[in-house]
Amino acid sequence: MGLDIGSVSTNIILIDDKDNLVFKKYLRTQGKPIDMIKEGIKELEESVGEKNICGVGATGSGRYLANIIVGADVVKNEITSHAVAALGFNPKVRTIIEIGGQDSKIIILRDGIVTDFAMNTVCAAGTGSFLDRQALRLGVNISEFGDLALNSKNPVRIAGRCAVFAESDMIHKQQLGHNQEDIIKGLCEALVRNYLNNVGKGKEILFPIVFQGGVAANKGIKAAFEKELKQQVLVPENYDVMGAIGAAALGRKKAEEQGYTNFRGTKLYEKDYKVNGKECNGCSNLCEILEIFEGNEVLARYGDKCGKWSP
Amino acid sequence: MKITFPQFGNVYIAGKAFLEELGHEVIAPPVCSRKTLEIGTKHSPEMMCLPFKILVGNYIESIEKGADTILITGSCGPCRFGFYSLLQDNILKDLGYDVDIIVFDHIGEGYSKLKSNLNKIINMKSMKEITRSAKLGLDLIKRTDNLTQLSNEVRAYAINKKEVDIIMDKYYIDTGSVHGAKEMIELINQTEEKLKFVKIDRNYTPIKVGIIGEIYTIIEPFVNLEIERKLGHLGVLVEKSMTPTSWLEHHVFNYPFGSKEENMKYKLAKPYLKTLVGGHGRETIGSAIYYKNKGFDGVIQILPLNCMPEIVAKSILKTVEKDLDFPIMTLVVDEMTGEAGYVTRLEAFVDLINKRKGNINIG
């Protein structure tokens with residue numbers, strides 16, 4: 001089983017021993033990761049029954065939380081997880097473009113080894129959340145966003161350097177009366193330019209290029225990448241859960257090595273989890289301590305700098 | 001006269017003891033915390049770099065504890081640090097704090113002003129007394145730097161890495177209660193002893209990572225989100241390219257020739273950057289090459305958001321990375337830095353190095 005708890009989506013997947021995807025659930029996190037993990041696991045049990053889950057890997061920004069609740073064998077950062085999954089999809093891959101809800105990454109591989117990577121540093125322009133927001137502003141469903149872009153014949157040029165400027169420039173173009181498709185395509189191209197100039201700066205982008213993460217659903221962005229890079233960009237079938245697939249593969253390997261799994265069982269969705277946040281007044285750092293309860297029992301405490309609360 | 005000075009890594013330990021030896025009352029600045037940053041951010045121009053904001057926070061916290069005189073060094077390189085003292089003086093006066101700021105400018109800025117500022121501090125002591133205190137202070141700086149480095153090394157090998165953190169936390173808390181150089185040295189000795197008893201894995205070969213970039217962000221652990229600890233927990237042996245000791249050796253003891261190490265870094269940086277670009281931009285590039293030559297596995301550059309010299313270095317480091325086939329990662333910090341994203345980047349960087357070395361065969 002692989003879990004990818006991201007800012008925008010929570011993905012839970014199952015793979016069998018031959019790397020075939022058996023179960024896949026893509027949920028919107030909506031700021032409630034614990035509820036979504038429970039919901040996902042409940043659905044997992046309903047659809048495939050109580051299968052023998054031999055290993056668990058967790059990734060995404062909520063990976064530590066997932067580990068506490070589910071019990072993972074491997075807790076891995078997104079970069080490694082995505083690289084593992086992309087190598088499973090295409091062993092020759094040399095560039096991975098990954099755009100998720102809050103961050104965008106580029107991973108460079110040579111001969112199946114990650115040799116370089118970059119993540120967006122101080123700006124989230126061009127990530128899923130930004131696209132979500134702009135789709136909302138334009139009154140377009142995010143799932144139609146990409147198709148609309150493909151219909152455009154004459155994209156407008158939008159300043160994509162910064163999310164705030166992109167938004168005001170986009171509104172300006174709207175007020176000038178440009179049609180929606182052209183604006184959307186313009187936005188896609190602006191984001192791709194921004195990505196290549198920021199995250200992809202100075203990186204040698206070589207074929208095969210794999211594009212994954214939630215934003216890969218957006219055909220407009222894919223087309224814009226192909227136009228800009230003048231190369232074909234591959235989108236794997238399960239582009240949206242690649243992180244979880246990578247985590248699952250790593251979890252399986254670890255569980256095989258150690259001979260057991262830390263998984264707490266699929267019945268965990270029946271349990272009641274509560275999170276209690278409090279501010280520690282022990283020193284002037286005022287750390288926000290989180291306590292996670294399973295029923296009345298404390299599962300974990302974390303968030304402190306000094307180790308007073310966390311074990 | 002109740003003296004305070006800004007937080008700068010471990011310097012407060014030596015600084016406090018040195019000034020106490022000269023017979024001053026010292027209000028050591030509280031350890032940097034979120035509160036420090038909040039106060040600093042509130043009273044600083046928004047576009048100023050992070051160190052400036054922390055310093056302002058430091059001053060105000062110390063003033064509230066009773067300090068009336070602030071000691072700070074100056075700079076004449078093309079970096080905003082040179083204007084810190086003037087701007088901060090204005091900010092504090094505007095806020096209604098009546099404090100005296102004593103700036104130790106570079107000797108190149110004129111000897112007489114430096115001498116009169118020094119006179120305020122040396123408290124009419126005899127030359128012998130001053131030399132004695134200065135020597136003690138400098139010894140302390142070296143000792144504290146060595147202790148930090150020792151803790152980094154032990155942490156990389158330690159079986160239970162938290163043990164090292166507990167020892168070091170206790171040491172930092174205790175530095176507040178000891179008085180004078182002698183007690184401080186005793187405390188350092190005790191801490192070193194304790195570190196020697198931490199159980200380590202002798203068969204483990206850690207990967208080695210150098211920390212390069214802007215001096216304040218490298219040295220002050222609160223600002224770099226305790227990167228040394230975080231990497232140590234990942235089993236990485238960390239070394240910082242700059243320490244208060246190396247700064248003093250370059251700018252004070254070997255003036256005007258500069259220290260051997262720094263001059264070597266200039267030489268190394270020369271093919272990429274021939275001239276001073278302000279701050280430590282040139283040293284950053286030299287350090288990257290230095291660590292590569294020293295057999296390190298990678299370097300991490302840290303810079304505060306909108307730090308011009310480091311931005312120049314960052315662009316050049318891409319070429320260095322390619323030419324030397326050497327992993328270099330850049331991390332930008334400011335008051336908005338999120339810890340989760342920071343940890344993710346560190347973990348991924350360590351994974352990358354491990355894979356390049358063939359320690360892990362998948363991915």
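Residues numbered from 1 in each chain as written. Chains lettered and ligands numbered in written order. Predicted model: local features only at pLDDT ≥ 70, side-chain atom pairs only at ≥ 80, totals over all residues.

**A word on the overall build of chain B**
Of regular secondary structure, chain B possesses 15 helices and eight strands. Computed over the C-alpha atoms, the radius of gyration of chain B is 20 Å, within 12% of the 21 Å expected from 2.2 N^0.38 for a compact globule of 363 residues. With respect to the three principal axes, the spread of C-alpha positions in chain B is 65 × 45 × 40 Å. Counting every position in chain B, which comprises 363 residues, the buried fraction comes to 46%. Counted over contacts in chain B with a minimum sequence separation of 6, partners at least 24 positions apart contribute 72%. (Helix = DSSP H or I, 4+ residues; strand = E, 2+ residues; numbered from the N terminus. Rg over C-alpha atoms; globule rule 2.2 N^0.38 Å. Buried ≥ 20, exposed ≤ 12 C-beta atoms within 10 Å, placed from the backbone. Contact = placed C-beta atoms within 7 Å.)

**Some details on the overall build of chain A**
Looking only at helices and strands, chain A features nine helices and 13 strands. By the compact-globule yardstick of 19 Å for 311 residues, chain A fits well, its C-alpha radius of gyration being 21 Å. Considered along the principal axes of its C-alpha atoms, chain A spans approximately 60 × 50 × 40 Å. Burial analysis of chain A (311 residues in total) assigns 46% to the buried set. Pairs at least 24 apart in sequence give 65% of the contacts found in chain A among residues at least 6 apart.

**Focus: the domain arrangement of chain B**
The accessible area lost on association of the parts is a frequent measure of interface size. Residue and element names in this part refer to chain B. Taken as a whole, chain B is organised into domain 1 (2-125), domain 2 (141-201) and domain 3 (205-363). Each of domain 1 and domain 3 has a C-alpha centre, and the two are 26 Å apart. Between domain 1 and domain 3, the residue contacts involve 19 residues of the former and 19 residues of the latter. Of all the secondary structure elements, the ones that give two or more residues to the side of domain 1 that touches domain 3 are α2 (34-43) and α3 (50-64). Tallying contributions element by element places α3 first for the side of domain 1 that touches domain 3, with four residues. When the residues that make up the side of domain 1 that touches domain 3 are grouped by side-chain class, the tally is twelve nonpolar, six polar and one charged. (Domains from an automatic or database assignment. Nonpolar A, V, L, I, M, F, W, Y, C, P; charged D, E, K, R; others polar.)

**Brief notes about the UniProt feature "domain: DUF2229" (unreviewed entry) in chain B**
Per the UniProt annotation, the sites labelled "domain: DUF2229" (unreviewed entry) are residues 14-71 of chain B. In the segment residues 14-71 of chain B, helix accounts for 57% and strand for 9%; the C-alpha atoms at its two ends are 14 Å apart. (UniProt positions renumbered as here; feature names shortened; annotations may be inferred.)

**Let's talk about unusual backbone geometry**
The phi torsion of most residues other than glycine is negative, and most of the peptide bonds are trans. Residue and element names in this part refer to chain A. Of the consecutive residues Phe207 and Pro208, the connecting peptide bond is found in the cis state with omega at -10°. Mapped onto the fold, Pro208 is located in the loop between α7 (180-198) and β9 (209-212). Phi at Asp19 is positive, roughly 65°, even though this residue is not glycine. With respect to the element layout, Asp19 can be found in the loop between β2 (9-15) and β3 (21-28). You can call Asp19 partly exposed: it has 13 C-beta atoms within 10 Å. Phi is positive for Lys230, close to 55°, though the residue is something other than glycine. In this fold, Lys230 is placed in the loop between α8 (219-229) and β10 (233-234). The exposed category is assigned to Lys230, around which 6 C-beta atoms lie within 10 Å.

**Here we look at the sheet that holds strand β4 (residues 100-104) of chain B**
All names here are of chain B. Here four strands make up an open sheet; going across it, the order is β2-β1-β3-β4 and the pairing parallel. Edge positions in the open sheet fall to β2 (25-26) and β4, since each of these has one partner strand only. One ladder, built from two bridges, connects strand β1 (residues 2-4) with strand β3 (residues 69-73); its direction is parallel. Within the sheet, the bridge partner assigned to Ile3 lies in β3 and is Thr69. (Pairing = 2+ DSSP bridges.)

**Notes on the packing of helix α6 (residues 127-157) of chain B against helix α11 (residues 244-253) of chain B**
All names here are of chain B. Interaxial distance between α6 and α11 falls to 8 Å at its minimum, and their mutual angle equals 140°. One way to sum up the angle between α6 and α11 is to call them oblique. From α6, Leu138, Ile141, Lys142 and Asp145 reach across to α11, where they touch Pro244, Thr245 and Leu248. Class assignment for the residues of the contact of α6 with α11 results in four nonpolar, one polar and two charged. (Axes fitted to C-alpha atoms, helices over the stretch in contact; angles between N-to-C directions. Parallel < 35°, antiparallel > 145°, perpendicular 65-115°, else oblique.)

**Let's talk about the interface of chain B and chain A**
Listed by partner, the interface residues are 23 residues for chain B and 24 residues for chain A. Put simply, the parts of the chain that give the side of chain B that touches chain A at least two residues each are α2, α7 (161-175) and α15 (339-356) of chain B. In terms of residue class, the side of chain B that touches chain A is built from eight nonpolar, four polar and eleven charged.

**Comments concerning the sheet that holds strand β8 (residues 328-333) of chain B**
Sheets are built from strands paired through backbone hydrogen bonds, the pairs being either parallel or antiparallel. Residues and elements named next belong to chain B. What the four strands build is an open sheet, ordered β6-β5-β7-β8; its pairing is parallel. Since the sheet does not close on itself, it has two edges, and those belong to β6 (236-240) and β8, each with one partner. Pairs of neighbouring strands in the sheet enclose a mean axial angle of 25°, with direction left out of account. Here strand β5 (residues 207-213) runs beside β6; their pairing, made up of five bridges, is parallel. What sits directly across from Gly210, in β6, is Glu239. The strands touched by α15 within the sheet are β5, β6, β7 (298-304) and β8, with β8 carrying the most contacts at an inclination of about 170°.

**Some points on the confidence of the model for chain A**
For chain A, per-residue confidence averages 86 on the pLDDT scale, and residues scoring 70 or more make up 96% of the total. Taken element by element, chain A is modelled with least confidence in strand β13 (residues 297-302) of chain A, mean pLDDT 80, and with most confidence in β9 of chain A, mean pLDDT 94. (pLDDT = per-residue confidence, 0-100.)

**Things to note about the environment of Asn197 of chain A**
All names here are of chain A. Along the polypeptide, Asn197 turns up in helix α7. Residue Asn197 is classed as exposed on the basis of its C-beta count, with 11 C-beta atoms lying within 10 Å. Between the alpha carbons of Asn197 and Lys92 there is a distance of 25 Å; along the sequence they are 105 residues apart.

**Overview of the packing of helix α3 (residues 78-89) of chain A against helix α9 (residues 242-258) of chain A**
Residues and elements named next belong to chain A. At a minimum axis separation of 7 Å, α3 and α9 run at an interaxial angle of 90°. When the interaxial angle is binned, α3 and α9 end up roughly perpendicular. Listed contacts from α9 to Glu78, Ser81, His82, Ala83, Val84, Ala85, Ala86 and Gly88 of α3 are Met242, Gly243, Ile245, Gly246, Ala247, Ala249 and Leu250. Taken together, the residues of the contact of α3 with α9 sort by class into nine nonpolar, five polar and one charged.

**Description of the confidence of the model for chain B**
Residues and elements named next belong to chain B. Looking at chain B as a whole, its pLDDT mean stands at 87, while 96% of the residues score no less than 70. Least confident of the elements in chain B is helix α5 (residues 111-122), whose mean pLDDT is 76; most confident is β5, at 95. Interface confidence for the predicted complex, expressed as ipTM, amounts to 0.77; the pTM equals 0.85.

**Quick look at the pairing of β13 of chain A**
The pairing of strand β12 (residues 288-294) of chain A with β13 of chain A spans five bridges and is antiparallel. Its bridge partner lying in β13 of chain A, Glu294 of chain A is registered against Glu297 of chain A.

**With respect to helix α13 (residues 281-293) of chain B**
Residue and element names in this part refer to chain B. In this model, α13 (13 residues) spans 19 Å end to end at C-alpha, consistent with the 18 Å of a helix rising 1.5 Å per residue. Burial runs high along α13: twelve of the 13 residues are buried. Along α13, the positions that sit buried rather than exposed are Gly281, Arg282, Glu283, Thr284, Ile285, Gly286, Ser287, Ala288, Ile289, Tyr290, Tyr291 and Lys292. Buried residues belonging to α13 abut β5, α12 (260-269), β7, α14 (308-324) and β8. One or two steps after α13, the chain reaches Gly295, where phi turns positive at roughly 90°. (Expected span 1.5 Å × (residues − 1).)

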